[in-house]
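Architecture and fold: a report
Single-letter residue listing:
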Amino acid sequence: MTAELAEFVAQGDLFVLTGAGLSTESGIPDYRKPDGTRRTVPMTFQQFLSGDDARRRYWVRSAVGWERFAAARPNGGHHAVAALQRAGLVQHLVTQNVDGLHAASGADALELHGSLSSVQCVECGSRSDRAEFQGRIRDANPNLPRDVALLADGDAEVARSAQDAFVLVACPHCGSLVVKPDVVMFGESVPTATVEHCYAQLELSRAVLVLGSSLKVMSGFRFVSAALKSGKPVALVGLGSMRGSERADLVLHEPLGATLTATCERLGLQVQTEANATT
Ligand SMILES: NC(=O)c1ccc[n+]([C@@H]2O[C@H](COP(=O)([O-])OP(=O)(O)OC[C@H]3O[C@@H](n4cnc5c(N)ncnc54)[C@H](O)[C@@H]3O)[C@@H](O)[C@H]2O)c1
Ligand SMILES: [Zn+2]
């Protein structure tokens, strides 16, 4: 099967869309089980805006999850994608992930849903660094729980009592307590200019390669749908069920790290990992 994927990839001009499945081997859980049902129900932007209680719930869970989320490193799958991009086979790399692991592997990816590495004030619009914001959260909440299970998106399972005791941290510019992660939350839309840019890149691409996404979320699926409509070849690689697979040209249910590394080997591309970068 890797042979078919290598052949697909070797023809280049790829529009590559990546999802949470690419980062599970880095220890960040995905949203959907293999059958496509959700593991957790994320907070919507509308719920987040509904009051301080909702924001305490979001931030206590995120603050606890952040330490492990921020420590995650790219895996073989990210390094292989970076190798494909270095080799000039990728027209456009776009990710639904908010973990920054493409950049950490040296790849240049458009982050469709933003990144958890910064926060944005809903009142004044100013952005600030998440690591610095996390330091202020820790100062205000010295007794945050530790050693809890990490969930998708840097979320974590936290007891109700810890939520109620959580002290919200204000925007450093205007003092508002309505500060959100700098990501497109459920219930929000990807900015129109970003979507249009991606459609233009899709137009310039020969084929679409999806890596580790259930494609349940429309913001990514629309590009696959447009490619299928215009007759561009589509390949889907992921362990679970993937929307559109009955119409795709190639569907592989394989783990991404090993599969993408083997694909690069077949193409004679060197995959640079953190282990071999220093040697
Ligand atoms: N790492 C992150 O930044 C992160 C993590 C979770 C969710 N999210 C957000 O949640 C949404 C989730 O949508 P999605 O489609 O990206 O994710 P998803 O959870 O809906 O789908 C992930 C898919 O990858 C498969 N998978 C898991 N591990 C795999 C592996 N090792 N090899 C191959 N396949 C594997 C799963 O079976 C599943 O089908 C996105 O909008 C994203 O913004 C981001
Ligand atoms: Zn502000």
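The structure reproduced in this document is the subject of the present report. In this text, all values refer to a predicted model and were calculated from it rather than measured experimentally. (Residues numbered from 1 in each chain as written. Chains lettered and ligands numbered in written order. Predicted model: local features only at pLDDT ≥ 70, side-chain atom pairs only at ≥ 80, totals over all residues. Heavy atoms only, no water.)

Regarding the sheet that holds strand E5 (residues 127-129)
Pairing in this open sheet of three strands is antiparallel, and the strands run E5-E4-E6 from one edge to the other. Edge positions in the sheet fall to E5 and strand E6 (179-183), since each of these pairs with one other strand and no more. Neighbour-to-neighbour, the strand axes of this sheet turn through a mean angle of 45°, independent of strand direction. In the sheet, strand E4 (residues 114-121) pairs with E5 via three bridges, with the strands oriented antiparallel. Across the sheet, the residue bridging to Val 119 is Ser 128, located in E5. Packed onto the sheet, helix H3 (residues 52-71) meets E4 and E6 and runs at close to 140° relative to E4. (Pairing = 2+ DSSP bridges. Helix = DSSP H or I, 4+ residues; strand = E, 2+ residues; numbered from the N terminus. Axes fitted to C-alpha atoms, helices over the stretch in contact; angles between N-to-C directions. Contact = heavy atoms within 4.5 Å.)

With respect to the packing of aromatic side chains
This model, assessed by the stated rule, comprises seven aromatic pairs. Taken together, a centroid distance of 5.6 Å and an interplanar angle of 50° make the contact between Phe 15 and Phe 223 tilted. Placement of the pair is Phe 15 in strand E1 (residues 14-18) and Phe 223 in helix H9 (residues 218-229), with a sequence separation of 208 residues. Each ring, one from Tyr 31 and one from Phe 186, has its centre 5.6 Å from the other, and the planes form 85°; the classification is edge-to-face. Taken together, the residues span a long stretch of sequence, with Tyr 31 in the loop between E1 and helix H2 (45-49) and Phe 186 in the loop between E6 and helix H8 (192-204) at a distance of 155 residues. Linked through ring pairs, Phe 48, Tyr 58, Trp 59 and Phe 133 together constitute an aromatic cluster. (Phe/Tyr/Trp six-rings, centres within 6.5 Å; stacked < 30°, edge-to-face > 60°.)

Comments concerning the pattern of salt bridges
Per the counting criterion, the structure on display carries eight salt bridges. We note a salt bridge from Arg 61 to Glu 157, for which the minimum N-O separation is 3.9 Å. Taken together, the residues Arg 61 in helix H3 and Glu 157 in the loop between helix H6 (130-140) and helix H7 (160-165) connect sequence positions 96 residues apart. A residue is classified by how much of its surface remains accessible, and Glu 157, at 48% relative accessible area, is partly exposed. (Salt bridge = Lys/Arg side-chain N within 4 Å of Asp/Glu carboxyl O. Buried < 20%, exposed > 50% of the residue type's maximum accessible area, 1.4 Å probe, protein only.)

As for the layout of surface pockets
Estimates place the volume of the second largest pocket at around 190 Å³. Contributing to the lining of the second largest pocket are 15 residues, with Gln 120, Arg 127, Lys 180, Asp 182 and Val 183 lying nearest its centre. For the lining of the second largest pocket, the elements supplying multiple residues, two or more each, are E4 and E6. Class assignment for the residues of the lining of the second largest pocket results in seven nonpolar, three polar and five charged. Both domains that furnish three or more residues to the lining of the second largest pocket are identified here as domain 1 (1-28 + 74-113 + 189-279) and domain 2 (39-71 + 117-183). (1 Å grid on protein atoms, 1.4 Å probe; cavity = no way out; pocket = protein on both sides within 12 Å on 5 of 7 lines; lining within 4 Å. Points joined across faces, edges and corners; volume = space filled by probe spheres on them. Nonpolar A, V, L, I, M, F, W, Y, C, P; charged D, E, K, R; others polar. Domains from an automatic or database assignment.)

A short note on the sheet that holds strand E8 (residues 234-237)
Spatially, the six strands line up as an open sheet ordered E3-E2-E1-E7-E8-E9, and their pairing is parallel. A single partner strand is all that each edge strand has here, and the edge strands are strand E3 (110-111) and strand E9 (250-252). In terms of strand pairing, E1 meets strand E7 (residues 207-211) through five bridges, oriented parallel. Looking at the pairing, Phe 15 lines up with Val 208 of E7. Along the sheet, helix H1 (residues 2-10) contacts E1, E7, E8 and E9; its crossing angle with E7, the most-contacted strand, is approximately 130°.

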